[in-house]
Amino acid sequence: MDDVIDADRAWAAYSARDRSFDGQFVGVVRTTGIYCKPSCAARHPLKQNMTFYTDGAAARAAGFRACLRCKPDEVGRDRDAVAKALVLIDAAEEVPGLEALAQAVGYAPHHFHRLFKRDTGLTPAAYARGLRAKRAEAALDSNFTVTGALYDAGYQSPSRFYAVASDRLGMTPSAWKNGGAGVTIRYAVTDTVLGAMLLAATDRGICRLSFDEDETELHRRFPKAVIKAGGEAMADLVASAVAAVADPSHLPELPLDVAGTIFQQAVWRELARIPPGETLSYAALAARAGNPNAVRAVGSACGANQVAVLIPCHRALRTDGTLGGYAYGLERKIELLKRETKV
């Protein structure tokens, strides 16, 4: 009974149908004799009618049976299949098709497509494209020629990379390697309720939002880019960013020109999904981003965020529930959370 399970914590996850807890425990409805995974969509029973076990085996040993709707015993199998597919994609020279992947892990294509996207936040094809682009970024940061880097990353031709990478990197591959060569970045420094804010943007979107910085930081990050004061050309972006800082509970849809690894992008996406005024632990974010073991990498992803507030890393907490760090000071993190909770 309640085999080393924190019942209050389990009930909170069960009530929220938090998928990140699937596989960590099952909930038994004593009045029906059925056990479910935390994310089960069935109507919730009363708390006093619930018991929690570490897994389905423990629940079955106690005489309970699995829910036919959420199929809790398949959670491990599903995750093993996705993990196997990730290995296959990582090792493949050419991107395997959905049918080949699904057959390799023993699932129907449409069902596996749904499982893969649920666990990673990406379709298999999008994951494979992101992986190749990540390899290309790493190669471009070394001393390879651009063309050589692209072939080493798995692209069949440079033109194929240029067709898909500009949206991901924001800059051309050569500019990415050469400190922003050929790119114009416009900036503005303005006052906000949290102090002086630096906002910088390329033609594609905002590439940096920070506090207590000026154009010197842009020259350091992009030594070969053309750095210009934005003037009236940035007036609308600046006004929207200032408003977002003042009321982070209503973040505007602003164009961003940022790049990160596949996992970093998944973490940023999950941060944006956290309701204003609420927080998630690094552990929960790691699970939602598709890798429950990558807790430390979540902290790194928050640290790599170039657009404070717009990607709301202030909503992330350490796994022990403490605030953790914040690049621009904990006082600002606390103030942002306070502003999000104001009615």
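Scroll up a little and you will see the structure.
Residues numbered from 1 in each chain as written. Predicted model: local features only at pLDDT ≥ 70, side-chain atom pairs only at ≥ 80, totals over all residues. Heavy atoms only, no water.

**Description of the pattern of salt bridges**
Here is step 1 of the chain: Scanning all chains against the criterion turns up 10 salt bridges.
Here is step 2 of the chain: Of the charged contacts in the structure, one is a salt bridge between Arg-220 and Glu-217, with a shortest N-O distance of 2.7 Å. With Arg-220 and Glu-217 both in helix 10 (residues 215-221), this residue pair falls three residues apart, about one helical turn.
Here is step 3 of the chain: Between Glu-217 and Arg-221 there is a salt bridge; the shortest N-O distance is 2.6 Å. Residue Glu-217 and its partner Arg-221 are located together in helix 10, separated by four residues, close to a single helical turn.
Here is step 4 of the chain: Among the residues examined, Arg-221 registers a relative accessible area of 31% and is labelled partly exposed. (Salt bridge = Lys/Arg side-chain N within 4 Å of Asp/Glu carboxyl O. Helix = DSSP H or I, 4+ residues; strand = E, 2+ residues; numbered from the N terminus. Buried < 20%, exposed > 50% of the residue type's maximum accessible area, 1.4 Å probe, protein only.)

**Some remarks on the sheet that holds strand 6 (residues 195-201)**
Here is step 1 of the chain: Taken together, four strands build an open sheet; the order of strands is 7-6-5-8 and the sheet is mixed. In this open sheet, the two edge strands, each paired with only one partner strand, are strand 7 (206-211) and strand 8 (226-229). Between one strand and the next, the sheet's axes are offset by a mean angle of 25°, whatever the strand orientation.
Here is step 2 of the chain: Pairing of strand 6 with strand 7, which is carried by five bridges, proceeds in the antiparallel orientation. Within strand 7, the residue paired with Ala-201 across the bridge is Ile-206.
Here is step 3 of the chain: Lying on the sheet, helix 11 (residues 235-246) is in contact with strand 5 (184-192), strand 6 and strand 7; it crosses strand 6 at an angle near 135°. (Pairing = 2+ DSSP bridges. Axes fitted to C-alpha atoms, helices over the stretch in contact; angles between N-to-C directions. Contact = heavy atoms within 4.5 Å.)

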